[in-house]
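Analysis of the macromolecular model
Each chain is listed here by its residues.
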Amino acid sequence: MPPLKDKPALQAPKRNQPLFTPGTAAKQALVVFVLGGPGAGKGTQCANIVRDYGFQHLSAGDLLRAEQDREGSEFGDMIKSYIKEGQIVPMEVTVQLLENAMTGAIEKDESRKFLIDGFPRKMDQAVAFEEKVVKSRFTLFFDLAEEDMRKRLLKRGETSGRSDDNEESITKRFRTFVEMSMPVVEWFKKDGRVVKVDARKSPEEVYEGVKAAFEKEGIEMKGK
Ligand SMILES: Nc1ncnc2c1ncn2[C@@H]1O[C@H](COP(=O)(O)OP(=O)(O)OP(=O)(O)O)[C@@H](O)[C@H]1O
Ligand SMILES: O=c1ccn([C@@H]2O[C@H](COP(=O)(O)O)[C@@H](O)[C@H]2O)c(=O)[nH]1
Ligand SMILES: [Mg+2]
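Residues numbered from 1 in each chain as written. Chains lettered and ligands numbered in written order. Predicted model: local features only at pLDDT ≥ 70, side-chain atom pairs only at ≥ 80, totals over all residues. Heavy atoms only, no water.

1. Overview of the nonpolar core
Filter applied, for reference: Definition of nonpolar core: a set of buried residues of the types Ala, Val, Leu, Ile, Met, Phe, Trp, Tyr and Cys, connected through side-chain atoms within 4.5 Å. The buried label applies to any residue whose accessible area, calculated with a 1.4 Å probe on protein chains only, is under 20% of its type's maximum; exposed applies above 50%, and partly exposed to all values in between. Secondary structure follows DSSP: runs of H or I at least 4 residues long count as helices, runs of E at least 2 residues long count as strands, and numbering of each begins at the N terminus. Contacts are residue-level and defined by heavy atoms, with any inter-residue pair within 4.5 Å sufficient.
Ranked by internal contacts, the top residues of the largest apolar core, which has 37 residues, are Val31, Met102, Phe114, Ile116, Phe119 and Phe129. Listed by contribution, the elements that provide at least two residues to this core are strand 1 (30-36), helix 2 (60-69), helix 3 (76-84), helix 4 (91-107), strand 3 (113-117), helix 5 (123-132) and helix 7 (167-190). Among the elements that line this core, the one with the most residues is helix 4, at 9 residues. Excluding anything up to four places from it in sequence, Phe119 contacts Phe33, Val34, Leu35, Ala60, Thr94, Val95, Leu98, Gln125 and Phe129. Of all hydrophobic cores here, the second largest spans 26 residues; its members include Val34, Tyr53, Leu144 and Ala199.

2. Quick notes on the site of ligand 2
Rules: For this description, a residue counts as near a given molecule or strand if any of its non-hydrogen atoms is within 4 Å of it. A 3.5 Å cut-off defines polar contacts: any pair of N or O atoms within that distance qualifies, except that in protein one atom must be a possible hydrogen donor and the other a possible acceptor, and neighbouring residues in sequence count only when both atoms are side-chain atoms. All accessibility values rest on the Shrake-Rupley procedure with a 1.4 Å probe; residue burial counts only the protein chains present in the view. Each residue is assigned to one class: nonpolar for Ala, Val, Leu, Ile, Met, Phe, Trp, Tyr, Cys and Pro, charged for Asp, Glu, Lys and Arg, and polar for all the others, Gly among them.
Taken together, 17 residues lie near ligand 2, and Arg65, Gln87, Val89, Arg121 and Arg162 sit nearest. At a separation of 2.8 Å, an oxygen atom of ligand 2 approaches a polar side-chain atom of Arg65. One nitrogen or oxygen atom from the side chain of Arg121 is found 3.0 Å from an oxygen atom belonging to ligand 2. Protein chains shield 96% of the accessible area of ligand 2, which is 450 Å² for the free molecule. Elements with a contribution of two residues or more to the shell around ligand 2: helix 2 and helix 3. The greatest single-element share of the shell around ligand 2, amounting to 4 residues, is contributed by helix 2. Split into classes, the residues belonging to the shell around ligand 2 amount to 7 nonpolar, 5 polar and 5 charged.

3. Looking at the site of ligand 1
Taken together, the neighbourhood of ligand 1 is formed by 17 residues, with Lys42, Thr44, Arg156, Arg173 and Lys201 sitting nearest. In this structure, Gly41 approaches ligand 1 through a main-chain N or O atom, which is 3.0 Å from an oxygen atom. Contacts to ligand 1 include Pro203, whose backbone N or O atom sits 3.3 Å from a nitrogen atom. Alone, ligand 1 offers 630 Å² of accessible surface; in the complex the protein occludes 75% of this. For the shell around ligand 1, the secondary-structure elements that each account for two or more residues are helix 1 (42-53), helix 6 (146-160) and helix 8 (203-216).

4. Overview of the packing of aromatic side chains
Counted only if it meets this: Two rings from Phe, Tyr or Trp (for Trp, the six-membered ring) form a pair when their centres are within 6.5 Å of each other. A pair whose planes differ by under 30 degrees is stacked, one over 60 is edge-to-face, and the rest are tilted.
Under the criterion given, the structure shown has 8 aromatic pairs. Aromatic side chains Phe55 and Phe214 sit 5.7 Å apart centroid to centroid with 75 degrees between the ring planes, which places their arrangement in the edge-to-face category. Of this pair, Phe55 sits in the loop between helix 1 and strand 2 (56-59) while Phe214 sits in helix 8, and the two are 159 residues apart along the sequence. Classification of Phe55 by relative accessible area gives buried; the value is 3%. According to the relative accessible area criterion, Phe214 is buried, its value standing at 0%. Aromatic pair Phe119 and Phe129: ring centres 5.5 Å apart, planes at 70 degrees, arrangement edge-to-face. Of this pair, Phe119 sits in the loop between strand 3 and helix 5 while Phe129 sits in helix 5, and the two are 10 residues apart along the sequence. Phe119 sits in the buried class, given a relative accessible area of 0%. For Phe129, a relative accessible area of 0% puts it in the buried group.

Spatial relationships are all this shows, so hold off on functional conclusions.
Laid out in structure tokens, this is it:
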């Protein structure tokens, strides 16, 4: 758990008690989920959106890695193993991390607009977050073939130091994506809340698609 000054560290739930107790602050947020397969370019495009649209970027994977490395975390070893195996960490942990980060940002008055990157990756997360935290406005979905994603991830793995940027973990992450995460995208799509962006081209060209998606959703750039 990030050391938020007003928040206690993440603790194990008591029997029959939910892990997260959403406050009201996060309910005021505008949330855009950012999904796409591993290595599709989510983080790269989120940086552009933060710069031009004034959103806060919350990567569920980054929050989990920070919790994994936090001294004294009771979830560190569990998170490490789930990430290497390309599995989805139990949703209570991830939802709590996201909610804490959102509440912290809102309380510091940083922004109420959040890009939640790499989440929800499983139906239980989607349902829990939208019921207990806030309903997302829409999902930005980066579409890219597995072979392209594999190439990008292996290249990134030359320098990233990520435990899951290797052939074996990548194959597992792809399987999890197809089996667990695509049903979430399909579910939002049925609700008319997915905007697909072609992620095959250069980062600059992909960003043109992102801007078109934001325009379609009525979200304006900063200072407009
Ligand atoms: N349009 C693009 N063309 C080529 N390479 C790209 C493009 N977008 C991103 N990359 C590169 O591909 C790699 C993966 O990108 P990024 O980290 O943004 O993906 P991601 O979807 O966040 O991945 P993950 O799911 O693993 O978090 C990075 O090395 C990045 O520099
Ligand atoms: O909601 C989530 C998001 C991520 N994970 C785990 O983290 C890794 C890495 O995520 P990136 O988005 O690629 O940084 C992912 O493969 C999962 O193991 C998760 O469990 N739940
Ligand atoms: Mg990423």
